[in-house]
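What follows is the residue order along each chain.
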Amino acid sequence: MFRAELLERAARFRSSEDDPTRNLQSCPSLVLNADFTPLSYYPLSLWPWQTAIKAIFLDRVDVIATYEREVHSPSLDMKIPSVIALKQYVKPSEFPAFTRFNLFLRDRFSCQFCGAMNNLTFDHVIPRRLGGKTTWENIATACAPCNMKKGGRTPRQAGMQLASEPIRPTHWQLQQHGKMFPPNYLHETWRDWLYWDIELEA
């Protein structure tokens, strides 16, 4: 179960006290859907400050919070938005694309045989020579040594145990996994919007 303290330990929130001198490139906007949930947790849905300001003038987003950092023009002084929300709800697809990144995210970036998190690749659980297909249900994340050890055999033939059976994940499941891997730096104005749907402890 994901707890708020996991996010606190994994990421260091940046104080707004540093905003006035912050480099503009270090002022991304957290993008929320119209229901005030992040569009994506991993990668975290962030827009460059220029894109966020353009969306404001096109009336596509509402500003929820701002940095203390300002941008200036001959006719306008404006604080850079740190959190924005889309005015029109974007419905996420039920199932994510079958990509290497999403596969690793489903398996929490760890080898499904030994738990290693380095030198990751993917393995056909049922080898292709035995009719195994390249699908969500037959591909598991594996480190290079385990992949070589298993070779063209099934896990049972190789005497290896999968940590979990591969499945086709839903978009929601990947987003839940994504909460476990926050960026190294988060602005303090983002805190409430990253925590709002975390289950409360009794």
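Residues numbered from 1 in each chain as written. Predicted model: local features only at pLDDT ≥ 70, side-chain atom pairs only at ≥ 80, totals over all residues. Heavy atoms only, no water.

### Re helix H2 (residues 49-57)
Piece 1. Within the sequence span of H2, burial applies to Trp 49, Ala 52, Ile 53, Ala 55 and Ile 56. End-on, the buried residues of H2 take up no more than an arc of 160°, which puts them together on one face. More than 90 degrees from the buried face of H2, the exposed residues found are Lys 54 and Phe 57.
Piece 2. Each element contacted by the buried residues of H2 is listed here: strand S2 (29-32), strand S3 (46-47), strand S4 (61-73) and strand S5 (76-86).
Piece 3. Looking one or two residues beyond H2, the residue adopting positive phi is Asp 59, at roughly 60°. (Buried < 20%, exposed > 50% of the residue type's maximum accessible area, 1.4 Å probe, protein only. Helix = DSSP H or I, 4+ residues; strand = E, 2+ residues; numbered from the N terminus. Arc of directions from axis to C-beta. Contact = heavy atoms within 4.5 Å.)

### Considering the sheet that holds S5
Piece 1. A sheet is described by the order of its strands in space; here 4 strands give the open sequence S3-S2-S5-S4, paired in mixed fashion. Both outer strands of the open sheet, S3 and S4, are each paired with one neighbouring strand and no more.
Piece 2. Across the sheet, H2 lies against S2, S3, S4 and S5, angled at about 90° from S5, the strand it touches most. (Pairing = 2+ DSSP bridges. Axes fitted to C-alpha atoms, helices over the stretch in contact; angles between N-to-C directions.)

### With respect to the nonpolar core
Piece 1. Residues Leu 30, Trp 190 and Leu 194 are the most contacted members of the largest nonpolar core, which totals 24 residues.
Piece 2. Elements with a contribution of two residues or more to this core: S2, H2, S4 and S5.
Piece 3. In terms of nonpolar packing, the next biggest core, distinct from the first, is built from 10 residues, Ala 140, Ala 142, Ala 158 and Met 160 among them. (Core = buried A, V, L, I, M, F, W, Y, C linked by side-chain atoms within 4.5 Å.)

### Focus on the pairing of S2
Piece 1. Taking every second residue as pointing to the same face, both faces of S2 are buried, with Ser 29 and Val 31 on one and Leu 30 and Leu 32 on the other.
Piece 2. With 3 bridges joining them, S2 and S5 adopt parallel strand pairing. In the strand pairing of S5, Leu 30 is matched with Val 83.

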